[in-house]
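The residues making up each chain are set out below.
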Amino acid sequence: MTDYGHDLLFGAIVVPSSAQPQDAVASARSAERAGLDLVSVPDHPYRPEFLEAWTVLATMAAGTSRIRVLPNVANLALRPPAALARAAASLDLLSGGRVELGLGAGAYWDDIAAEGGPRRTPGEALAATREAVGVLRALWSGAGPVHRRGQHYGLYGAAAGPAPAHDISVWIGAVGPRMLRLTGEVADGWLPSVPHVPPVRLAAGQRLVDEGAEAAGRPPSAVRRLYNLSPGREDGFPRGGPRDWPEQLAALTVEVGTSAYLLPTHQPDLLRTFGEEVAPATRALVAAAREVSTDRAGHEPG
């Protein structure tokens with residue numbers, strides 16, 4: 001059993017349609033009323049059918065009082081990390097410490113190039129992500145001027161700050177082995193999605209994250225493991241209806257260490273069910289499994 005002992009988080013993924021601009025904020029409010037911990041939006045700046053992610057996140061934060069907001073995940077290729085650091089810190093200050101940062105190296109390279117962004121090889125994307133995380137942390141530290149050499153992102157006497165209201169978590173949406181190891185080395189969390197990393201591949205991914213953490217001298221438990229769900233599809237997860245989900249989610253937590261689950265939906269009823277029924281039932285199952293594990297450990301011969 002690989003359970004990192006993290007508290008469980010539950011959240012929503014809301015697609016901010018430009019055709020129905022008020023729906024995203026309404027969904028964030030529904031998620032907060034349902035008791036969810038997180039609400040996120042995808043970041044595809046090249047798709048005009050979506051509203052711009054940071055504008056939506058700021059409006060969501062202004063329209064709620066407790067729930068945390070994040071991009072799922074910020075498109076690094078079109079978001080220079082110095083500007084990204086200041087945007088995240090500014091919203092964190094305005095929202096009273098309710099911002100986290102999902103970060104992606106980039107995908108859909110044709111679309112990114114059409115916007116004037118770079119077309120990166122996997123190796124270049126890996127190096128850029130490593131440099132970007134360093135830039136984020138340096139600017140959030142509030143200690144400057146900052147000098148960092150980089151092939152993709154450098155700082156040459158940049159003024160640090162503003163410092164965020166709390167330590168913003170950086171959760172990387174990694175898939176490949178090298179990016180998974182980098183996640184363990186430098187990030188606060190791994191944020192995969194069911195279509196790209198189905199449940200049968202989670203354990204292998206967790207091991208690579210662990211390897212990266214250990215190589216960097218970090219405990220694997222320093223890295224939270226999150227999951228973007230995808231129910232209702234033939235190859236989706238969790239399977240069945242909401243009554244079937246707690247057992248499946250709890251099993252992932254105690255068997256492979258996943259501790260945060262984000263559901264893609266705008267439906268208020270489903271958000272309420274996820275927050276008021278699925279989340280507490282999953283927490284209860286995990287708490288019971290952890291108690292049994294602790295009892296067994298306590299009775300093992302020394």
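See the structure above.
Residues numbered from 1 in each chain as written. Predicted model: local features only at pLDDT ≥ 70, side-chain atom pairs only at ≥ 80, totals over all residues. Heavy atoms only, no water.

Novice: It is not clear to me how the overall build of the chain should be interpreted in this structure. Could you clarify?
Specialist: Counting its secondary structure elements, the chain contains nine helices and eleven strands. On C-alpha atoms alone, the chain measures out to a radius of gyration of 19 Å, which is about the 19 Å that the 2.2 N^0.38 rule sets for 302 residues. By principal-axis analysis of the C-alpha atoms, the chain measures approximately 55 × 50 × 35 Å. Counting every position in the chain, which comprises 302 residues, the buried fraction comes to 50%. Restricting to contacts in the chain with at least 6 residues of sequence separation, those with at least 24 account for 75%. About 13500 Å² of surface is accessible on the chain, with carbon and sulfur atoms providing 52% of the total. Here the chain holds 28 positive side-chain charges and 32 negative ones, and the gap between their average locations is 4 Å. (Helix = DSSP H or I, 4+ residues; strand = E, 2+ residues; numbered from the N terminus. Rg over C-alpha atoms; globule rule 2.2 N^0.38 Å. Buried < 20%, exposed > 50% of the residue type's maximum accessible area, 1.4 Å probe, protein only. Contact = heavy atoms within 4.5 Å. Areas by Shrake-Rupley, 256 points an atom, 1.4 Å probe, with all protein chains shown as cover. Lys, Arg positive; Asp, Glu negative; His and termini not counted. Charge placed at Lys NZ, Arg CZ, Asp CG, Glu CD.)

Novice: Just checking my understanding: could you explain the sheet that holds strand E11 (residues 260-264) for this structure?
Specialist: The pairing of strands in a sheet happens through backbone hydrogen bonds and is either parallel or antiparallel. In space, the nine strands of this open sheet follow the order E3-E2-E1-E11-E10-E9-E8-E5-E4, with parallel pairing throughout. Edge strands, defined here as strands with exactly one partner in the open sheet, are strand E3 (68-71) and strand E4 (74-75). As paired elements, strand E1 (residues 9-13) and strand E2 (residues 38-41) share three bridges and run parallel to each other. Bridge pairing links Gly11 to Leu38 in E2. (Pairing = 2+ DSSP bridges.)

Novice: Explanation requested: the side chain of Ser193 in the structure shown.
Specialist: Here Ser193 is to be found in the loop between strand E9 (189-190) and helix H7 (199-215). Side-chain polar atoms of Ser193 contact the side chain of Asn228, separated by 3.0 Å. When near neighbours in sequence (up to four residues on either side) are disregarded, Ser193 contacts Tyr227 and Asn228. (Polar contact = N/O pair within 3.5 Å; in protein donor to acceptor, adjacent residues only side chain to side chain.)

Novice: Help me understand unusual backbone geometry in this model?
Specialist: Generally, phi is negative for residues other than glycine and the peptide bonds are trans, each holding for most cases. Cis geometry is found at the peptide bond from Asn72 to Val73, where omega equals 5 degrees. Among the secondary structure elements, Val73 is positioned in the loop between E3 and E4. Between Phe237 and Pro238 the backbone carries a cis peptide bond, its omega angle lying at 0 degrees. Mapped onto the elements, Pro238 comes out in the loop between strand E10 (224-228) and helix H8 (245-256). The residue Tyr108 is not glycine, and still its phi comes out positive at about 50 degrees. Turning to its location among the elements, Tyr108 is positioned in the loop between strand E5 (101-104) and helix H4 (109-114).

Novice: What should I look at first to understand the pattern of salt bridges in this one?
Specialist: Close approach of charged atoms lets side chains of opposite charge pair. Across all of its chains, the model carries 14 salt bridges by this definition. For Arg79, the salt bridge goes to Asp43, with nearest N and O atoms at 2.8 Å. In this pair, Arg79 is assigned in the loop between E4 and helix H3 (81-95) and Asp43 in the loop between E2 and helix H2 (53-62), connecting sequence segments 36 residues apart. With a relative accessible area of 14%, Arg79 lands in the buried category. Residue Arg68 is joined to Glu100 by a salt bridge in which the shortest nitrogen-to-oxygen separation is 3.0 Å. (Salt bridge = Lys/Arg side-chain N within 4 Å of Asp/Glu carboxyl O.)

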